[in-house]
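Here are the chains, one letter per residue:
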Amino acid sequence: MEEILKILKDRFDASEPRARRVDLSFITVPADRAVEAVTWMRDHGEFTHLVMISCIDRIEDGVFELIYLLNDPVAYLDIGICVEIGRDDAEMESMHHLWAVVRVYQRELHEMFGIKFPGSPGVDEPMILEGWDDIPPMRRDFDTLEYAERTYYPREGRSTSDPATEMEERSYPLDAGVKLGIKDLARSGYGDKENKTKDRE
Amino acid sequence: MDDRKMKHRSPVPEEELLSPDAFLAPEERGLFCQDRPEPVEPSKVKIVRDFCNWAQANSIFILAFGTGCGAIEMRPLFTARYDISRYGMFPRPTPRMSSLFIIGGYASVKTMKRIVRSYEQMQNPKFVMGLGSCTVNGGMYYDSYNTVKRLDHYIPVDAYVAGCMPRPESLIAGFRRIKKLIMEGKAEGANEYAKNFEWYKRNQRRIIKDWNMPEYNW
Amino acid sequence: MNRELLVLIGKAIASLFLIANYGLILSGVMYKIIARVHGRFGPPVWQPYINLFKLLSMRTAVSHGIMFYLGPIFRITGGVGLYLLIPAVYGSSWLSNFSFSGDIILVLYFIFFGMLGMALGAAESGHPYSAIGVMRGLAQNTASELPFVLAVLALVAQYKTLSITGIVAAQQGGFANWTVFTNPLATIAAMLAFIGMMHRSPFDVHLAPQEIPVGPPTEFHSSYLFMMSFNRAFFGSAKLVLFANLFFGGATSIPELVAKTFLIMLWTVFVGVVFPRYRLEQSVRWLLKVPTLIGLLALALQMF
């Protein structure tokens, strides 16, 4: 693990590794060296299994962070190769030649985040969203609640009730009232009032 | 819960009415029947009508099309524990033969298209049961970009079974409710669909953006 | 002349009425038995009647063309025709139906007739699963027909007659004269083929509703499906009567007929309940192997 991370750092201009566990580390690689790094990991680093490709929308930094999570099935090690790409007109090199399953992940990323993968087969075909005409829904600037309420005819009178508190209030109204009052007092120091009343409703 | 009282189906404005040909490629138009469904009223003779309703209620063919996670609750119904065949209910594999469509939980937009197609292929006395809270008001998917909130805006629903997930016992209660509605002659979903055809089609087209099927799937 | 014809028609209708009700109750009892084996209560015995009324009370029906109409009609013609050619009760004036010398050839043909008509109707519906189902059904029916025909040929050679009434007559006079004792090999071959002919598990892959394609009736609904389900009452009980006649000494009274056909049906039901479903190639291979070889052996023993 240590050697591989060191080699990644030396050869592929990777950042300092961030160890999460003994057997799980993340390391950031520049976008133009990512395919090289992953190919080397697969062919020479024994990391032959692609667990998943994930994406984080870091809207504050203006980047998408793609995570290629690789697994060494013999030594039970995981390394996540993080790649940061610009959020505007996001584009990433395709890796469909490394694992066949990658094309499915890339199709999904294209649909959900709008990341382009030139050359990946069938990447433009709709996967789950047929005929989607808004901005890709998993981007954080897409307001799902607003979209859902605009599109899908919300029903009036919708309320939520947690079974635990509901039964508590029904069976022991006095105890539950006291408990709720203490909670309110404890919380009144922080958190705005609006959110709190919303929670209770 | 019963949504039968809902009577706010406003007439669809002219500009939202679209010709049936608008959505099919020219070479596909000849392949499909473009007729609209017509409401078929039940027999005027009371005894015949009652007999038909009795037969419909005591022999219900369920369309075995699991549209969401709730479909997993339908499997125990056919086993020894909750055996629903004693009520005269049997699973049927094709929409043509079936008369009860159970929407098993959340209906995403992609599934909705298939639901509409299957529903329209069923023959006239047809009943729909919304299963799970997601079909009532969105349930836990109330803020999802992809899940319809009110099923009754897209196809007529005869009975809802609330819960997340409803247990098989709740489903059996729902079946009893549907049976009661059929016996009373109140489960006229197919005729309702034919009468408010424009309204349903407008709602369906609002969410199904890539409409590539005929107006009514005969 | 005219009066005779009317009497003949009346007898046929009475006979058909009897066998239709018997077939419907029989299938109701069968569903009940299967359910009890599964540990369920099962539908009521009169459920097949309700299903028929329900299918009749459907208000709309969609047609796909002329053959689509004719498919179920051919099917029910096959069922009714088959029954009317078999003498149900030996010696009875009205339950002998229209049997004549040489009827066994026509019976063998009529067993297949409905299936072929159904194939045309299902093909007209244009549904790919219908075509697949018909193909699989015909393949399997052909496979189960072969041992049955071999067994029948052995019987024809044994009794030196082509008439079912003649075969039944030769078996009268006690248990020892039944084919099942005089020619056990032919009986075994035919009874094994019988499970396939009745479309019971393990040979029901082309019709099973649990399979993704339900088979030939995929597109049939409402009144079309009514005709096809109604046909099952005729067709199923006609085949039961045929087997009772050929191998179990026929029947001289209605209670005897009921007892014998019910026991023959129990054989298929019990086998079906115990064994899981074969895939098509497995069932065809099995049917062409075990029962066919036994049937050939039975024929060879009669010939030499």
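Note that this is a predicted model, so its numbers are computed, not measured. (Residues numbered from 1 in each chain as written. Chains lettered and ligands numbered in written order. Predicted model: local features only at pLDDT ≥ 70, side-chain atom pairs only at ≥ 80, totals over all residues. Heavy atoms only, no water.)

1. Examining the packing of aromatic side chains
Which entries qualify depends on this criterion: We call Phe, Tyr and Trp rings a pair once their centres come within 6.5 Å, taking the six-membered ring for Trp, and we label the pair stacked below 30 degrees between planes, edge-to-face above 60, and tilted otherwise. Secondary structure counts use DSSP, requiring at least four H or I residues in a row for a helix and at least two E residues in a row for a strand, with both numbered from the N terminus. Geometrically, a lysine NZ or arginine CZ counts as sitting over a ring once it is within 6 Å of the ring centre and also within 35 degrees of the ring normal.
One pass over the structure, following the stated rule, counts 36 aromatic pairs over all chains. Taken together, a centroid distance of 5.3 Å and an interplanar angle of 65 degrees make the contact between tyrosine 106 of chain B and tyrosine 141 of chain B edge-to-face. Linking tyrosine 106 of chain B in the loop between strand E3 (100–104) and helix H2 (109–121) with tyrosine 141 of chain B in the loop between helix H3 (133–137) and strand E5 (159–161), this pair joins segments that are 35 residues apart in sequence. Of the aromatic side chains, those joined through ring pairs into one cluster are Tyr119, Tyr193, Phe197, Trp199, Tyr200 and Tyr216 of chain B. For arginine 42 of chain A, the ring lying beneath its charged end belongs to tryptophan 99 of chain A, and the centroid distance is 5.9 Å. The residue whose ring lies beneath arginine 205 of chain B is tryptophan 211 of chain B, and the NZ or CZ to ring-centre distance is 4.9 Å.

2. As for the pattern of salt bridges
Residue and element names in this part refer to chain A. As a reminder, the rule being used: The term salt bridge refers to a pairing of a side-chain nitrogen on Lys or Arg with a carboxyl oxygen on Asp or Glu at a separation within 4 Å. Relative accessibility under 20% of the residue-type maximum defines a buried residue, over 50% an exposed one, and the middle range a partly exposed one, all with a 1.4 Å probe and only protein chains included.
The final tally for this structure, using the stated rule, is 36 salt bridges over all chains. A salt bridge links aspartate 57 to arginine 87; the shortest N-O distance between them is 2.6 Å. Here the residue aspartate 57 occupies a position in strand E3 (residues 49–58), and arginine 87 occupies one in the loop between strand E5 (77–86) and helix H3 (102–113), the gap between them amounting to 30 residues. Across the pair, exposure class does not vary: aspartate 57 and arginine 87 are buried alike. Note that glutamate 166 is salt-bridged to arginine 170, the shortest N-O span being 3.1 Å. Taken together, the positions of glutamate 166 and arginine 170, both in helix H5 (residues 163–171) and 4 residues apart, correspond to about one turn of that helix. The exposure class of glutamate 166 is partly exposed, given its relative accessible area of 30%. Judged by its relative accessible area of 59%, arginine 170 is exposed. Beyond isolated ion pairs, a larger network of salt bridges with shared partners links Arg58, Asp61, Glu65 and Glu84.

3. Some points on the sheet that holds strand E2 (residues 89–92) of chain B
All names here are of chain B. Convention followed: A pair of strands counts as paired when DSSP detects no fewer than two bridges linking them. What counts as an axis is a line fitted to C-alpha atoms, over the stretch in contact for a helix, and the angles between N-to-C directions run from 0 to 180 degrees. Should any heavy atoms of two residues lie within 4.5 Å, those residues are considered in contact.
The sheet built from 5 strands is open, its strands ordered E2-E1-E3-E4-E5 with parallel pairing. Unpaired on one side and paired on the other, E2 and E5 mark the two borders of the sheet. Taking the axes of each pair of neighbouring strands and ignoring which way they run, one obtains an average angle of 30 degrees across the sheet. When strand E4 (residues 127–131) meets E5, the two strands line up parallel, connected through 3 bridges. The residue bridging glycine 130 from the neighbouring strand is tyrosine 160, located in E5. Contacts from H2 reach strand E1 (60–63), E3 and E4, with the element oriented near 170 degrees to E3. In this fold helix H4 (residues 168–184) packs onto E1, E2, E3, E4 and E5, with an angle of close to 155 degrees to the strand it touches most, E4.

4. Here's the deal with the interface of chain B and chain C
This is how it is decided: The buried area of a pairing is the accessible area, by a 1.4 Å probe, that goes missing from both parts when the two are put together, added over both. A 3.5 Å cut-off defines polar contacts: any pair of N or O atoms within that distance qualifies, except that in protein one atom must be a possible hydrogen donor and the other a possible acceptor, and neighbouring residues in sequence count only when both atoms are side-chain atoms. Side-chain classes follow a simple rule in which Ala, Val, Leu, Ile, Met, Phe, Trp, Tyr, Cys and Pro form the nonpolar group, Asp, Glu, Lys and Arg form the charged group, and the remainder, Gly included, forms the polar group.
Contacts between chain B and chain C engage 31 residues on the former and 31 residues on the latter. Buried surface at the junction of chain B and chain C, summed over both partners, amounts to about 2,600 Å²; 64% is from carbon and sulfur atoms. For the pair chain B and chain C, the interface holds 15 residue pairs in polar contact (both at pLDDT 80 or more). Contributing elements (two or more residues each) for the side of chain B that touches chain C: helix H1 (46–58) and E1 of chain B. If you tally residues by element for the side of chain B that touches chain C, the top one is H1 of chain B, at 6 residues. Considered class by class, the residues forming the side of chain B that touches chain C number 15 nonpolar, 11 polar and 5 charged.

5. Some thoughts on the nonpolar core
Put simply, the rule reads: Among buried residues, the Ala, Val, Leu, Ile, Met, Phe, Trp, Tyr and Cys ones that are joined through side-chain atoms within 4.5 Å form a nonpolar core.
Membership of the largest hydrophobic core comes to 73 residues, with the highest contact counts inside it found for Leu8, Ile81, Met92 and Ile115 of chain A. Among the elements that make up this core, the one with the highest residue count is helix H2 (residues 34–43) of chain A (6 residues). Counting residues in hydrophobic clusters, the runner-up holds 61 residues, among them Ala12, Ile76, Ala186 and Leu266 of chain C.

6. Overview of the interface of chain B and chain A
With 28 residues of chain B in contact, the opposing surface of chain A contributes 23 residues. For the chain B face of the interface with chain A, the top three residues by lost area are Tyr145, Lys149 and Lys209 of chain B, together amounting to 33%. The interface formed by chain B and chain A includes 4 salt bridges. In this structure, the salt-bridge partner of glutamate 130 of chain A is arginine 114 of chain B, at a minimum N-O distance of 3.0 Å. The tally of links from chain B across to chain A stands at 9 residue pairs in polar contact (both at pLDDT 80 or more). Elements with a contribution of two residues or more to the side of chain B that touches chain A: H2, H3 and helix H6 (197–207) of chain B. Sorting elements by how many residues they give to the side of chain B that touches chain A places H2 of chain B first, with 4 residues.

7. Some remarks on the confidence of the model for chain A
Stated precisely, the cut-off is as follows: Think of pLDDT as the predictor's per-residue confidence, scored from 0 to 100.
Per-residue pLDDT for chain A averages 86, and the proportion of residues at 70 or more is 94%. Between residues 196–201 of chain A, whose pLDDT stays under 50, and residues either more than four places distant or in other chains, the model counts 6 contacts.

8. A word on the domain arrangement of chain A
This is how it is decided: Either an automatic procedure or a domain database provided the assignment from which the domain bounds are taken.
With domains assigned, chain A is organised as domain 1 (2–151) and domain 2 (163–200). Taking only C-alpha atoms into account, the centre of domain 1 of chain A sits 42 Å from that of domain 2 of chain A.

9. Overview of the sheet that holds strand E2 (residues 24–28) of chain A
Residue and element names in this part refer to chain A. With respect to topology, 5 strands assemble into an open sheet ordered E1-E2-E5-E4-E3, the strand pairing being mixed. Looking at which strands have only one partner, the edges of the open sheet turn out to be strand E1 (18–21) and E3. For this sheet, the mean angle separating the axes of adjacent strands, direction not counted, is 20 degrees. When strand E4 (residues 63–72) meets E5, the two strands line up antiparallel, connected through 10 bridges. Paired with aspartate 72 across the two strands is leucine 77, which belongs to E5.

10. Quick word on a nonpolar patch on the surface
All names here are of chain C. Formally: In this analysis, a patch consists of residues with relative accessible area above 30% that form no salt bridge, clustered at 9 Å for like charges and at 5 Å for the nonpolar side chains Val, Leu, Ile, Met, Phe, Trp and Tyr. Computed by Shrake-Rupley with a 1.4 Å probe, the accessible areas treat only the displayed protein chains as cover when residues are assessed.
A cluster of nonpolar residues, Leu5, Leu6, Leu8, Ile9, Ile13 and Phe98, forms a patch on the protein surface that exposes about 560 Å² of accessible area. Its location among the elements puts leucine 8 in helix H1 (residues 2–38). According to the relative accessible area criterion, leucine 8 is partly exposed, its value standing at 41%.

11. Considering empty space enclosed by the protein
Condition: Here a cavity is any set of points on a 1 Å grid over the protein atoms alone where a 1.4 Å probe fits but cannot get out, and a pocket is any open set with protein on both sides within 12 Å along at least 5 of 7 lines; a residue lines the site when it has an atom within 4 Å of a point. Grid points are joined across faces, edges and corners, and a volume is the space filled by probe spheres set on the points.
Scanning all chains against the criterion turns up 2 cavities of 30 Å³ or more. Sorting the residues of the lining of the largest cavity by element identifies helix H4 (144–151) of chain A together with H2 of chain B as the ones contributing at least two each. Within the lining of the largest cavity, the residues separate by chemical class into 7 nonpolar, 3 polar and 3 charged.

12. Focus: H2 of chain A
Among the residues making up H2 of chain A, those that are buried are Ala34, Val35, Ala37, Val38, Trp40 and Met41 of chain A. Each element contacted by the buried residues of H2 of chain A is listed here: helix H1 (2–11), E4 and E5 of chain A.

13. Digging into the pairing of E1 of chain A
Across a regular strand the side chains alternate sides, sitting on one face of the sheet and then on the other. All names here are of chain A. Bridge analysis of E1 against E2 gives 3 bridges, and the strand direction is antiparallel. Paired with arginine 18 across the strands is phenylalanine 26, a residue of E2. Between the antiparallel neighbours E1 and E2 lie 2 residues.

14. Describing the arrangement of the chains
Taking contact number as the criterion, the leading pair out of 2 pairs of chains in contact is chains B and C. Separated in space, chain A and chain C share no contact, their closest pair of C-alpha atoms being 23 Å apart.

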